[in-house]
Structures are given as C-alpha cells and as structure tokens.
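One-letter residues, chain by chain:
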Amino acid sequence: MPVLAIIVFWISTVLAVLGGIGVVASPAPVYSAVSLILTLANLAILYLLLNAQFIAAAQVLIYAGAVMVLFLFVITLLGVRDYRLFGDRQPLQRYGAMLLGALLLAGIIYFVSKSGTGLTGVHSSYNAFQAHKGNVQAFGHELFNGFLLPFEITPFLLVVAMIGAVALGKSTQGSRG
Amino acid sequence: MSPVVEAFVEGVIKAAIALGFLLNSFAIMTIMERKVVGRMQQRYGPNRVGPFGLLQPLADGVKLLMKEQIIPARVNVPIYIVAPTISVMVSLMAFAVIPVAPAFTAGPYRVGWWISNPNIGILYLFAVASLGVYGIVLGSWSSGNKYSLLGGLRSTAQIISYELAFGLSIVSAILLAGSLNLPEVVKVQSHLPWFILIQPLGFAIFAIGGIAETNRAPFDLPEAEQELIAGYHTEYSGFRFALYFMAEYINMVTISALATTLFLGGWLPINFGWFPGWLQWLDNFLLWVPGVLWFLAKVSFFLFAYMWLRATLPRIRYDRLMWFGWKVLLPLAVLNVLITALYVSLQ
C-alpha cells in the first residue's frame with residue numbers, strides 16, 4: 001500500500017472507532033446519531049481504499065444519506081430523553097451486553113489471528129481490480145448471474161415490510177385518505 | 001516526483017481552483033439574483049455600491065463577517081456551530097466530479113478539467129449530495145426554536161421525497177449513456193443528440209427535482225416567512241448565516257452543472273452540421289469556441305432560470321408539494337425509466 005493510502009487508512013480507522021465509541025457513550029441520542037454517521041462515512045473511505053467504489057457510494061447513499069436521516073428525523077421530532085451509559089437503570093441488561101460484547105470481541109480476535117494476513121475480504125475470483133470495465137459492471141454481473149434469487153427475494157422482503165408499515169400506520173377509525 | 005505525489009499536488013491545485021470558482025460564483029450570484037429579480041419586478045435592484053452596484057457582494061460579505069455572531073440561550077452549542085459547516089462542506093465536495101471541459105495534454109501530463117474522475121462519478125455526487133440534509137436537520141434541531149424545527153422538518157421531508165424522482169431521472173440519462181462516469185456521459189452525447197432531446201420528460205423531472213433539492217422557489221417552503229419566519233436558519237446570524245446562504249448557492253451551481261453534463265452535452269458546442277453550405281462559417285465558429293465557455297454558458301443559463309422561476313412562480317402549499325412529489329413526479333419518473341430501459345435493451 002502506498003504511503004498516502006496508509007495515512008488515509010489510519011485517519012479513517014481511528015475516526016470510525018471514535019465514532020463507534022461515541023454511539024454508545026454519548027448521553028444525548030442526537031450525539032449518538034451523529035457519531036454513527038461519522039462511523040459510516042469513515043467505513044465508506046475504507047471501502048474506497050479496497051477499491052470497492054460502488055459499495056462505498058452505496059454505503060454513504062443508503063446508510064448515511066437515507067437511514068440515518070430518518071433516525072435523526074425521529075429523534076428530533078419526538079424529543080427523545082437523554083440516557084446515561086452507566087446510569088443505574090437495567091443493570092441486568094448492562095452486564096448481559098458487556099458479556100456478549102466480550103464474546104463477540106473474542107470471536108473476532110480468534111478468527112483474525114487464525115487467518116493472519118490472508119483475511120482480505122476479496123475472493124480471488126471476484127477481484128474488482130481486474131475487471132477492466134469497472135466496479136459497477138462487475139458488481140451487476142455477479143448480482144444478476146450468481147445471486148439472482150437472493151437479489152429478487154430482498155425486494156420481496158422490503159415489500160412485506162412496507163405493507164406491514166402501512167397496515168400498522170392505518171388509522172383504526174375509518175380511513176382518512 | 002513520484003506519481004502519488006504528482007496526483008496529490010494535481011488534486012490540491014485543482015481543488016483550490018474549483019474552490020475559488022465556486023466562492024466567486026456565489027458572490028456573483030447574490031448580486032445577479034437581486035438584479036434579475038429586481039428588474040423582473042420593475043425595480044432597479046442594488047445600484048449604490050460601486051459601478052452598477054457591482055461591489056454589493058463585497059459590502060454584504062464585510063457586513064456579515066463583522067456582525068456579532070449571536071448564540072441564543074436555548075441552543076445546543078456544538079451542533080449549532082457544526083451544522084452550517086456541514087452544509088457548506090457537502091456542497092463543495094459534490095462539485096469535485098463535475099467535468100468542465102475535455103482532458104488536455106500539457107507537456108508530459110494528461111490533465112482533466114475535473115478534480116476527480118471516478119468510475120462511479122454520478123453515484124459519488126448523489127451520495128455526497130444526500131448528506132446535505134444533515135446541515136439542515138441538525139441546524140434546525142440545535143437552534144432550540146420551534147419554528148426552526150418545523151422548517152427543518154419540512155425541508156428534510158421535501159428533500160427526501162424529491163430525491164427519489166430526481167434520482168430516477170438521472171437513471172434514465174445514465175441508461176442511455178451506459179456509464180456512470182460523467183466525462184463518458186458527455187462524450188456519448190457527441191454522437192447521440194443531447195439527452196434533453198431524447199429525454200424531455202427525464203429532463204423536466206430532473207429540473208423540478210433539482211429545484212426542490214436546493215430548496216429554491218417555488219419549493220422554498222422551509223423558508224416560508226409568513227408561517228415559519230426563516231425556517232431552519234431563523235436563529236443564525238452573521239457568518240454562520242452566510243455559510244447556509246453559501247451552501248444554497250453552491251448547490252445551485254452544482255445542480256446546474258449536473259443538468260448541463262447529463263442533459264445538455266456538457267462542454268460540447270451546439271452542433272449545426274445540417275446547416276446549408278453558406279452558413280458553414282457559423283458552424284465553424286461554434287466549434288471554435290472553447291468547451292469551458294460552452295459549459296459556463298449553459299450553467300449560467302440554468303442559474304438564470306432559477307432566478308427567473310423565483311420571480312415568476314408563487315410558492316406551493318406544503319400538502320400540494322408532497323402530493324406532487326409522490327403522486328405525480330415519482331410515477332412519471334418510474335415510467336420514464338421503464339420506457340428508457342426497454343428502448344436500451346431492445347437496441
């Protein structure tokens with residue numbers, strides 16, 4: 001990796017981790033949401049370093065640009081109360097979360113140490129670097145040839161979720177258009 | 001110098017040029033808007049500062065800089081300060097992939113008239129532009145003022161709603177071009193007609209969506225002063241207010257540049273190849289005019305159209321705005337994409 005890439009990698013990694021800490025540690029929900037946006041944006045930069053341009057753009061567009069806007073929308077509209085991380089409520093949940101988090105961390109450390117430097121996340125046959133026509137073409141090709149069924153099932157799930165939202169949101173006292 | 005350092009230096013120089021261009025265009029547009037709207041309303045517009053009032057932006061800038069920056073009592077300070085910065089940063093970042101003119105060769109270097117040219121140029125622009133909402137949401141929330149919050153919520157709902165139709169209208173142009181790379185989209189239009197001729201409906205949806213995305217009249221509901229004072233920037237004054245103002249105008253430039261690139265052939269000259277022989281000189285002249293000037297002329301036309309619309313059309317009521325976005329614009333955009341996709345796949 002060139003020097004510039006290493007510098008960018010470290011900056012965005014540190015910012016992503018700081019954002020992650022911010023999500024759980026901030027008392028105000030708005031700060032948590034802003035921290036999450038920071039993390040998502042820096043993850044997009046890490047994707048760019050892996051030459052996964054399409055995933056990076058999709059990450060910003062969908063998670064940072066759409067999902068988090070709705071989060072903030074709800075938080076600002078409803079005026080959610082502040083919540084202290086080490087407040088005295090729900091001790092059971094806190095210890096349970098610590099335990100599960102430790103387990104997850106142990107699992108990640110185990111697998112990373114086991115696979116060593118081989119863990120790149122890039123399957124040799126899907127190497128987007130080599131696809132000279134570019135990232136998006138390679139991605140679309142795989143999507144419509146290798147993964148057509150999952151790709152078609154996902155929109156179906158989204159439609160189910162949308163129908164559910166409409167059914168829940170519908171007023172019980174007659175229709176108001 | 002190693003290629004990495006060269007690329008870095010090149011990027012920094014180009015970014016500095018683009019920054020200067022955008023900030024100057026902001027200054028010019030403020031005076032242009034007041035002049036144009038003034039003339040359309042049978043007024044003179046500003047004409048006291050300097051010749052023809054041309055130094056007015058300078059005076060405005062000094063005034064805004066020297067003003068006290070009031071931080072009201074019920075404000076959430078860190079977010080209140082960061083929010084306008086987010087707006088400006090995002091609007092500046094979006095311009096990075098706009099191709100102004102074709103690449104040229106200077107000595108050993110091949111230089112493009114763009115800061116960056118990723119394969120996914122249009123996706124990048126769209127992704128970055130979708131972040132602009134945060135400046136508005138956070139600014140309106142942190143002001144601790146219910147009118148700000150209502151204005152911010154309206155504006156967010158409007159941007160999210162119109163983003164869909166806007167994005168789909170871009171898709172129809174992309175389908176024709178067969179590339180997400182912006183210079184490539186322009187090059188395709190040199191042998192096809194400009195996409196505004198093939199995609200009149202797509203262009204109309206793009207234009208309407210673009211105006212709604214930039215919160216400009218007749219879609220400037222967040223600033224409906226009769227109901228909401230000044231919307232999300234009610235509590236902002238001095239330089240922070242200027243930042244919001246700047247973001248709005250730079251977004252207008254970017255949307256106009258995108259419209260030029262996608263639908264009006266970017267830097268390409270108007271082609272009258274079918275002219276009879278005795279008008280050949282006119283065609284030659286049009287071809288001789290450099291691409292940068294063509295690009296600037298097209299962008300300026302769109303910016304003028306923005307002001308024209310503001311002086312002409314009344315503001316739309318909020319429920320009509322939502323109705324129009326979801327029930328008219330979105331179905332039309334989907335239909336347009338379907339027809340375009342069918343046409344492209346049958347070719």
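Everything numeric here is computed off the predicted structure, so don't read it as measured data.

**Q** Now, about the overall build of chain A: what can you tell me, with residues and values included?
**A** Helix and strand content of chain A: six helices and zero strands. Reading the helices (α) and strands (β) of chain A from amino to carboxyl end gives α-α-α-α-α-α. Counting all 177 residues of chain A, 20% fall into the buried class. Long-range pairs, those at least 24 residues apart, make up 53% of the contacts in chain A between residues at least 6 apart in sequence. Of the roughly 12800 Å² of accessible surface on chain A, 74% is carried by carbon and sulfur atoms.

**Q** Just give me the short version of the packing of helix H11 (residues 238-263) of chain B against helix H13 (residues 291-312) of chain B, but keep the residues and values in it.
**A** Residues and elements named next belong to chain B. Interhelical geometry of H11 versus H13 gives an angle of 125 degrees and a closest axis separation of 9 Å. It follows from the interaxial angle that H11 and H13 lie oblique. In this structure, the crossing between H11 and H13 has a hand that is right-handed. Here Met 252, Val 253, Ile 255, Ser 256, Ala 257, Ala 259, Thr 260 and Thr 261 of H11 lie close against H13, whose contacting residues are Phe 295, Lys 298, Val 299, Phe 302, Leu 303 and Tyr 306. Considered class by class, the residues forming the contact of H11 with H13 number 10 nonpolar, three polar and one charged.

**Q** Tell me about the side chain of Ser 179 of chain B, and please be specific about residues and values.
**A** All names here are of chain B. With respect to the helices and strands, the residue Ser 179 is situated in the loop between helix H6 (146-177) and helix H7 (182-191). Owing to a relative accessible area of 15%, Ser 179 belongs among the buried residues under this scheme. Engagement of the side chain of Ser 179 in a polar contact is seen with the backbone nitrogen of Asn 181, the distance being 3.0 Å. Apart from the residues within four sequence positions on either side, Ser 179 is in contact with Ile 174, Glu 184 and Val 185.

**Q** Tell me about the packing of aromatic side chains, and name the residues and values.
**A** All names here are of chain B. Across all of its chains, the model carries 18 aromatic pairs over all chains by this definition. Between Phe 21 and Phe 95 the ring centres are 6.0 Å apart and the planes differ by 40 degrees, which places this aromatic pair in the tilted class. With Phe 21 in helix H1 (residues 3-40) and Phe 95 in the loop between helix H3 (77-94) and strand E1 (104-106), this pair connects stretches of sequence that are 74 residues apart. Take Phe 21: its relative accessible area is 32%, and that puts it in the partly exposed class. With a centroid separation of 6.2 Å and an interplanar angle of 80 degrees, the aromatic rings of Phe 26 and Phe 245 are classed as edge-to-face. Taken together, the positions of Phe 26 in helix H1 and Phe 245 in helix H11 put the pair 219 residues apart, joining distant regions of the chain. A relative accessible area of 28% means that Phe 245 is categorised as partly exposed. In this structure an aromatic cluster arises from ring pairing among Phe 126, Phe 166, Phe 203, Phe 206, Phe 263, Phe 301 and Phe 302. Above the face of the Tyr 318 ring, Arg 154 is positioned so that its terminal group lies 5.0 Å from the ring centre. Over the ring of Tyr 249 we find Arg 216; its NZ or CZ atom is 5.7 Å from the centre of that ring.

**Q** Describe the confidence of the model for chain B, and please don't skip the residues or the numbers.
**A** Detailed reading of the predicted model is not advised wherever pLDDT is low. The predicted model of chain B averages 84 in pLDDT, with 95% of residues at 70 or higher. ipTM for the predicted complex: 0.78, alongside a pTM of 0.83.

**Q** So what's going on with the nonpolar core? Residues and values would help.
**A** In terms of nonpolar packing, the biggest core is built from 95 residues, with Tyr 134, Ile 170 and Leu 262 of chain B touching the most fellow members. When near neighbours in sequence (up to four residues on either side) are disregarded, Tyr 134 of chain B contacts Ile 37, Ala 64, Gly 65, Met 68, Val 69 and Leu 72 of chain A together with Ile 86 and Gly 139 of chain B.

**Q** Give me the lowdown on H1 of chain B, citing residues and values where you can.
**A** Residue and element names in this part refer to chain B. Between its first and last C-alpha, H1 extends 53 Å over 38 residues, near the 56 Å set by a 1.5 Å rise per residue. For H1, the full list of buried residues reads Lys 14, Ala 18, Leu 22, Ser 25, Phe 26, Met 29, Thr 30, Ile 31, Glu 33, Val 36, Val 37 and Gly 38. Residues of H1 that are buried in the fold lie against helix H2 (56-66), H3, strand E2 (109-111), H11 and H13.

**Q** Now, about the environment of Ala 44 of chain A: what can you tell me, with residues and values included?
**A** All names here are of chain A. As for its placement among the helices and strands, Ala 44 is situated in helix H2 (residues 29-49). When its relative accessible area of 5% is taken as the criterion, Ala 44 is described as buried. When neighbours within four sequence positions are excluded, Ala 44 is seen to be in contact with Ala 56, Gln 59 and Val 60.

**Q** Before we move on, can you summarise the pattern of salt bridges with the specific residues and values?
**A** Residues and elements named next belong to chain B. Tallied over the entire structure, the rule returns six salt bridges over all chains. Of the charged contacts in the structure, one is a salt bridge between Asp 319 and Arg 317, with a shortest N-O distance of 2.9 Å. Judged by its relative accessible area of 43%, Asp 319 falls in the partly exposed class. On the basis of relative accessible area, Arg 317 is assigned to the exposed category, the value being 54%. Taken together, the salt bridges that share partners define one network made up of Glu 33, Arg 216, Glu 248 and Arg 310.

Definitions and cut-offs
- Residues numbered from 1 in each chain as written.
- Chains lettered and ligands numbered in written order.
- Predicted model: local features only at pLDDT ≥ 70, side-chain atom pairs only at ≥ 80, totals over all residues.
- Heavy atoms only, no water.
- Helix = DSSP H or I, 4+ residues; strand = E, 2+ residues; numbered from the N terminus.
- Buried < 20%, exposed > 50% of the residue type's maximum accessible area, 1.4 Å probe, protein only.
- Contact = heavy atoms within 4.5 Å.
- Areas by Shrake-Rupley, 256 points an atom, 1.4 Å probe, with all protein chains shown as cover.
- Axes fitted to C-alpha atoms, helices over the stretch in contact; angles between N-to-C directions.
- Parallel < 35°, antiparallel > 145°, perpendicular 65-115°, else oblique.
- Left-handed = near helix turned anticlockwise from the far one by under 90°.
- Nonpolar A, V, L, I, M, F, W, Y, C, P; charged D, E, K, R; others polar.
- Polar contact = N/O pair within 3.5 Å; in protein donor to acceptor, adjacent residues only side chain to side chain.
- Phe/Tyr/Trp six-rings, centres within 6.5 Å; stacked < 30°, edge-to-face > 60°.
- Lys NZ or Arg CZ within 6 Å of the ring centre and 35° of its normal.
- pLDDT = per-residue confidence, 0-100.
- Core = buried A, V, L, I, M, F, W, Y, C linked by side-chain atoms within 4.5 Å.
- Expected span 1.5 Å × (residues − 1).
- Salt bridge = Lys/Arg side-chain N within 4 Å of Asp/Glu carboxyl O.

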